[in-house]
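Here is how the chains run, residue by residue.
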Amino acid sequence: MKLFLSFILSTFLYAEFGQIHNGFGIDIGSSGSGIFITRQATHESEKFSLNGELRFYDIKASDETIIYNYYSGQYQSVGGKSLMMLPILFGANYYPFVGQIENNFSPFITARVGGVLSIDGKETGTFRERWQSPDTQISPGGFFGIGIDFKLVGQSSVSVMVGLEVLPMNRKIDGMDDYSGRLIHISFNRRSK
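Residues numbered from 1 in each chain as written. Predicted model: local features only at pLDDT ≥ 70, side-chain atom pairs only at ≥ 80, totals over all residues. Heavy atoms only, no water.

Draft legend 1. Main features of the overall build of the protein. Along its length, the protein carries two helices and twelve strands. Burial status across the protein gives 34% buried among its 193 residues. Within the protein, contacts between residues separated by at least 24 positions form 58% of all contacts whose residues are at least 6 apart in sequence. Within the structure as shown, the protein displays about 11,800 Å² of accessible surface, and the carbon and sulfur contribution to it stands at 64%. (Helix = DSSP H or I, 4+ residues; strand = E, 2+ residues; numbered from the N terminus. Buried < 20%, exposed > 50% of the residue type's maximum accessible area, 1.4 Å probe, protein only. Contact = heavy atoms within 4.5 Å. Areas by Shrake-Rupley, 256 points an atom, 1.4 Å probe, with all protein chains shown as cover.)

Right under this line is the structure:
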């Protein structure tokens, strides 16, 4: 019975969502920056789309800065954290102005939820010493915001979103139990053939 229900559900989803876009991009946020890959399926009505993405964040400390070391002749980061996060988020975009705007852009409202794998290394030592046995945890996460799809020639587009990234921790990591904050999300997409 479960197999039958999953077959019906998947048939319904794939029948209604004809346009598939794959993309990658960058995130610039209050707590750090990162890169991501994404996949989006647009409904035939073009009123909404479903999406999933895998992000990689390098979390920055509030007092982290880059200095020039005159002895080595190299720039180096001081006061930093050895913390990275891998959010896996699923959600939807809602396009309220479909058919009302004649140009090549489409404003939307978005919401995404999922899980976040946090990997916390030691703050001192060589790269290998810091990441040899990191502390890990999985916690819930999400993103809520607004954005615009800019359609380009050749079935490609650029999406720009701004909003609130929700990254609460189950327990404190590097003295904080919440890494939520503002986020700018820029995605470069291409329609799969």
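The discussion continues.
Draft legend 2. Focus on the nonpolar core. Counting residues in hydrophobic clusters, the biggest one holds 14 residues, and the most contacted among them are Tyr57, Ile59, Leu83, Met85, Leu167 and Tyr179. Of all elements in the fold, only strand 3 (48-59), strand 6 (83-94), strand 7 (105-120) and strand 10 (168-173) reach the threshold of two or more residues within this core. Those residues in contact with isoleucine 59 that sit more than four places away from it in its chain are Ser31, Gly32, Lys81, Leu83, Met85 and Tyr179. (Core = buried A, V, L, I, M, F, W, Y, C linked by side-chain atoms within 4.5 Å.)

Draft legend 3. Main features of the layout of surface pockets. For the largest pocket, the calculated volume is near 490 Å³. As for the largest pocket, its lining consists of 25 residues, of which Gln19, Glu46, Ser106, Asp149 and Lys151 are closest to the centre. Those elements that provide at least two residues to the lining of the largest pocket are strand 1 (17-29), strand 2 (32-43), strand 7, strand 8 (135-151), strand 9 (156-166) and strand 12 (181-191). A breakdown of the residues in the lining of the largest pocket according to their chemical character gives seven nonpolar, 14 polar and four charged. (1 Å grid on protein atoms, 1.4 Å probe; cavity = no way out; pocket = protein on both sides within 12 Å on 5 of 7 lines; lining within 4 Å. Points joined across faces, edges and corners; volume = space filled by probe spheres on them. Nonpolar A, V, L, I, M, F, W, Y, C, P; charged D, E, K, R; others polar.)

Draft legend 4. Highlighting the packing of aromatic side chains. Tallied over the entire structure, the rule returns two aromatic pairs. Taking 5.8 Å as the distance between ring centres and 35 degrees as the angle between the ring planes, the aromatic pair formed by phenylalanine 24 and phenylalanine 188 counts as tilted. Of this pair, phenylalanine 24 sits in strand 1 while phenylalanine 188 sits in strand 12, and the two are 164 residues apart along the sequence. When the ring of tyrosine 95 is compared with that of phenylalanine 108, the centres are 5.4 Å apart and the planes differ by 55 degrees; the resulting orientation is tilted. Of this pair, tyrosine 95 sits in the loop between strand 6 and strand 7 while phenylalanine 108 sits in strand 7, placing them 13 residues apart in sequence. We note that tyrosine 95, like phenylalanine 108, is buried. Here arginine 55 stacks its cationic end above the ring of phenylalanine 143, 5.5 Å away from the centre of that ring. (Phe/Tyr/Trp six-rings, centres within 6.5 Å; stacked < 30°, edge-to-face > 60°. Lys NZ or Arg CZ within 6 Å of the ring centre and 35° of its normal.)

Draft legend 5. Representation of empty space enclosed by the protein in the model. Summed over all chains, the structure comprises two cavities of 30 Å³ or more. Its volume calculated, the largest cavity comes out at about 100 Å³. In terms of lining residues, the largest cavity is bounded by 14 residues, among which Thr38, Gln40, Arg112, Ser159 and Ser187 are the most central. The element contributing the most residues to the lining of the largest cavity is strand 12, with three residues. In terms of residue class, the lining of the largest cavity is made up of two nonpolar, nine polar and three charged.

Draft legend 6. Seen up close, the pattern of salt bridges. On inspection of all chains with the given rule, the structure shows five salt bridges. When the shortest N-O distance is used, the salt bridge between aspartate 27 and arginine 55 registers 3.9 Å. Note that aspartate 27 is positioned in strand 1 and arginine 55 in strand 3, a separation of 28 residues in sequence. Note on aspartate 27: relative accessible area 1%, which makes it buried. Arginine 55 sits in the buried class, given a relative accessible area of 1%. Measuring nitrogen to oxygen at the nearest pair gives 2.6 Å for the salt bridge that ties arginine 55 to glutamate 165. Taken together, the residues span a long stretch of sequence, with arginine 55 in strand 3 and glutamate 165 in strand 9 at a distance of 110 residues. The same class applies to arginine 55 and to glutamate 165, which are both buried. (Salt bridge = Lys/Arg side-chain N within 4 Å of Asp/Glu carboxyl O.)

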